[in-house]
Amino acid sequence: MTINIISTGSYAGEKILDNEYFAKIVDTNDEWIQERTGIRTRHICDDITTEEMATRACESALDKLDMDRSKIGLVIFASVSSDTKTPASSFNMAGRLGLNGNPICFDLNAACSGFVYSMAVARSIMASMKIAYAIVIGAERLSKFVDWSDRSTCILFGDGAGCAVLENSDLADDSVSSSLDYRLEIEDTYLAGKYDKKKYLTLDSRDSLKEMRHPFIGMNGRQIYKFATDVGVKVIDRLLESNCISKDDIEFLVPHQANKRIIETLALKSQIPDDRWFVNLDEYGNTSAASIPLALNELVEKVLPDRKLEQIDGRRIISLAFGGGLSYGGFLLKIRKK
Ligand code: UT7
């Protein structure tokens with residue numbers, strides 16, 4: 001039995017803020033932002049909700065499939081910026097998408113690692129509870145939690161949503177067809193965490209008993225940078241070792257899109273060439289749980305179609321994330337010709 005990605009989708013708002021915009025509201029400039037982060041623009045959704053962004057991402061993924069939506073038995077919604085606590089956004093998504101097969105629904109908060117955590121949990125639930133199809137969503141409207149007067153954080157974040165539709169090969173239905181001529185088999189997952197004792201990355205709940213000091217995203221950038229470059233390599237090593245494969249088997253890496261320098265450092269430390277690392281943070285900035293599905297969907301839509309299927313058949317993709325919690329982890333995909 002394998003659990004496979006059979007479709008992906010993403011959405012980011014139409015409003016785009018460039019670095020010049022920030023130079024007008026805080027003491028910063030385009031040169032600093034590009035040099036230190038690699039970010040040029042970010043998409044902002046101030047007119048639609050997190051769930052609406054997620055709905056558009058999911059509709060685009062489901063449009064690439066010919067499937068009866070009642071076959072979806074699991075919905076996981078990863079976010080730190082969902083619109084409601086109950087019903088959980090995952091339930092609202094089931095309603096919005098017309099998933100009327102009584103799916104298991106829950107939201108998952110692992111900050112920027114939320115999508116990676118959700119993929120691992122989905123794979124495990126699909127195998128143990130014999131679920132045929134699932135949809136895993138990462139969606140964030142971080143703009144509502146950004147302190148627009150703090151130059152060290154406001155330049156970093158953007159809004160967006162992405163998703164993956166998963167299929168359990170043992171329970172696959174012949175009536176379901178995907179527009180992709182390959183499937184992405186989830187070969188392995190790895191999750192870990194380390195309590196953020198010193199509160200390097202925080203976003204307080206708005207119903208805290210104590211008076212809130214800072215109801216916005218707070219981050220000690222340098223410390224998170226060190227953490228990210230340390231655990232990122234551990235995730236790669238762990239996935240390679242556990243699966244007895246080498247870095248030469250890796251066709252692409254889809255890392256959390258936080259900072260171009262973090263990705264360059266990871267490439268250097270892991271000795272995997274820069275050109276295998278998929279990067280789109282220049283356009284979107286850091287979209288937390290949405291970052292990996294947004295990147296994965298662009299890889300599927302824009303990069304994989306240019307490759308000869310025979311050449312990438314059997315090759316691997318590693319996705320890795322790190323963020324608040326402190327959480328980290330990754331998943332290993334095998335490209336399989338259908
Ligand atoms: O998604 C969750 C995980 N998050 C991350 O992975 C983010 C990890 N951290 C980072 O990406 C980087 O640490 C940042 C991009 C956030 C900051 O870059 P940095 O090179 O670590 O800068 P820094 O915080 O060490 O600050 C260097 C200087 C400081 O000035 P002084 O103290 O040296 O005079 C800052 O005040 O840069 C200053 N600075 C800025 N200057 C111009 C901070 N933000 C800005 C800014 N424009 N926007």
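Within every chain, residues take consecutive numbers counted from 1 along the sequence as written. Note on the predicted model: pLDDT of at least 70 is required for a residue's local features to be given, and 80 or more for side-chain atom pairs to be given and counted; whole-chain, interface and lining totals, by contrast, use all residues.

Focus: the packing of helix α3 (residues 50–63) against helix α4 (residues 89–97)
Argument step 1. Helix axes are fitted only over the stretch in contact, all axes being lines through C-alpha atoms; the angle between N-to-C directions runs from 0 to 180 degrees. Every helix listed is a DSSP run of H or I at least four residues long, and every strand listed is a run of E at least two residues long, numbered separately from the N terminus. Remark: α3 packs on α4, axes separated minimally by 10 Å, with the N-to-C direction vectors making an angle of 50°. Between α3 and α4, the interaxial angle falls into the category oblique. In this structure, the crossing between α3 and α4 has a hand that is right-handed. Here Thr 50, Glu 51, Ala 54, Thr 55, Cys 58 and Leu 62 of α3 come into contact with α4, specifically with Ser 89, Asn 92, Met 93, Arg 96 and Leu 97. Each angle receives one of four descriptions, namely roughly parallel if under 35 degrees, roughly antiparallel if over 145, roughly perpendicular if within 65 to 115, and oblique otherwise. Note: crossing handedness is left-handed where the near helix turns anticlockwise from the far helix by less than a right angle, and right-handed where it turns clockwise. With C-beta atoms placed from the backbone, a contact is any residue pair whose C-beta atoms sit within 7 Å.

Side note on the site of the ligand
Argument step 1. Near, as applied to residues and a molecule or strand, means the residue's backbone-placed C-beta atom lies within 6 Å of it. The full set close to the ligand counts 19 residues, and Thr 28, Gly 221, Tyr 225, Ala 258 and Asn 259 are the nearest of them.
Argument step 2. For the shell around the ligand, the secondary-structure elements that each account for two or more residues are α2 (30–37), α6 (151–154) and α7 (221–242).
Argument step 3. The element contributing the most residues to the shell around the ligand is α7, with 5 residues.
Argument step 4. Partitioning the shell around the ligand into residue classes produces 9 nonpolar, 7 polar and 3 charged.
Argument step 5. Taken together, domain 1 (3–178) and domain 2 (182–337) each give at least three residues to the shell around the ligand, which thus spans both. Each residue receives one of three labels: charged for Asp, Glu, Lys and Arg, nonpolar for Ala, Val, Leu, Ile, Met, Phe, Trp, Tyr, Cys and Pro, and polar for the others, Gly being one of them. Marked domain ranges trace back to an automatic or database domain assignment.

Here we look at the packing of α7 against helix α8 (residues 260–270)
The description of two packed helices rests on the angle between their axes and on the distance between the axes.
Argument step 1. Running from amino to carboxyl end, α7 crosses α8 at an angle of 40°, the nearest separation of the two axes being 9 Å. Taken as axis vectors, α7 and α8 run oblique relative to one another. At the point where α7 passes α8, the crossing takes the right-handed sense. Note on element contacts: α8 touches α7 through Ile 262, Thr 265, Leu 266, Lys 269 and Ser 270, opposite Tyr 225, Ala 228, Thr 229, Gly 232, Val 233 and Ile 236.
Argument step 2. When grouped by side-chain class, the residues that make up the contact of α7 with α8 number 6 nonpolar, 4 polar and 1 charged.

Describing unusual backbone geometry
Argument step 1. A cis amide bond, omega -5°, links Thr 86 with the succeeding residue Pro 87.
Argument step 2. Within the secondary structure layout, Pro 87 lies in the loop between β5 (72–78) and α4.
Argument step 3. Going from Gly 325 to Leu 326, the amide bond is cis rather than trans, its omega being 5°.
Argument step 4. Mapping Leu 326 onto the fold places it in the loop between β14 (316–323) and β15 (327–337).

Examining the domain arrangement of the protein
Argument step 1. Each assigned domain of the protein is listed with its residue range as follows: domain 1 (3–178) and domain 2 (182–337).
Argument step 2. Summarising the inter-unit geometry, the C-alpha centres of domain 1 and domain 2 are found 15 Å apart.
Argument step 3. With 48 residues of domain 1 at the interface, the matching set in domain 2 holds 45 residues.
Argument step 4. Secondary-structure elements contributing two or more residues to the side of domain 1 that touches domain 2 are β1 (3–11), α2, β3 (41–44), α5 (114–128), β7 (133–141), α6 and β8 (159–168).
Argument step 5. Grouping the amino acids of the side of domain 1 that touches domain 2 by side-chain chemistry returns 24 nonpolar, 17 polar and 7 charged.

Examining the sheet that holds strand β13 (residues 250–255)
Argument step 1. For two strands to pair, DSSP has to find at least two bridges joining them. Ordered by their spatial adjacency, 9 strands build an open sheet running β6-β5-β7-β8-β1-β10-β15-β14-β13, and the pairing between neighbours is mixed. Either end of the sheet is taken by a strand with one partner, and the two such strands are β6 (104–108) and β13. Pairs of neighbouring strands in the sheet enclose a mean axial angle of 25°, with direction left out of account.
Argument step 2. Relative to β8, β1 is paired through 8 bridges, and the arrangement is antiparallel. Considered in β8, the bridge of Tyr 11 is made with Ala 161.
Argument step 3. Most of the contacts of α5 go to β5, to which it runs at about 160°, and overall it touches β1, β5, β6, β7, β8, β10 (182–193), β14 and β15.

Details of the pairing of β13
Argument step 1. Partly exposed residues are those falling between the two cut-offs: more than 12 but fewer than 20 other C-beta atoms within 10 Å of their own, whereas 20 or more means buried and 12 or fewer means exposed, with C-beta atoms placed from the backbone. Of all 6 residues that make up β13, 5 are buried, and the element is covered over most of its length.
Argument step 2. Taken together, the 5 bridges between β13 and β14 define a ladder with parallel strand orientation. Note that in β14 the partner of Ile 250 across the bridge is Arg 316.

Digging into the environment of Ser 327
Argument step 1. Of note, Ser 327 is situated in strand β15.
Argument step 2. Ser 327 gets classed as buried once you count the C-beta atoms within 10 Å, which come to 23.
Argument step 3. Between the alpha carbons of Ser 327 and Tyr 195 there is a distance of 8.2 Å; along the sequence they are 132 residues apart.
Argument step 4. Apart from the residues lying within four places of it in its own chain, the contact partners of Ser 327 are Ala 110, Ala 111, Ser 113, Tyr 117 and Gly 193.

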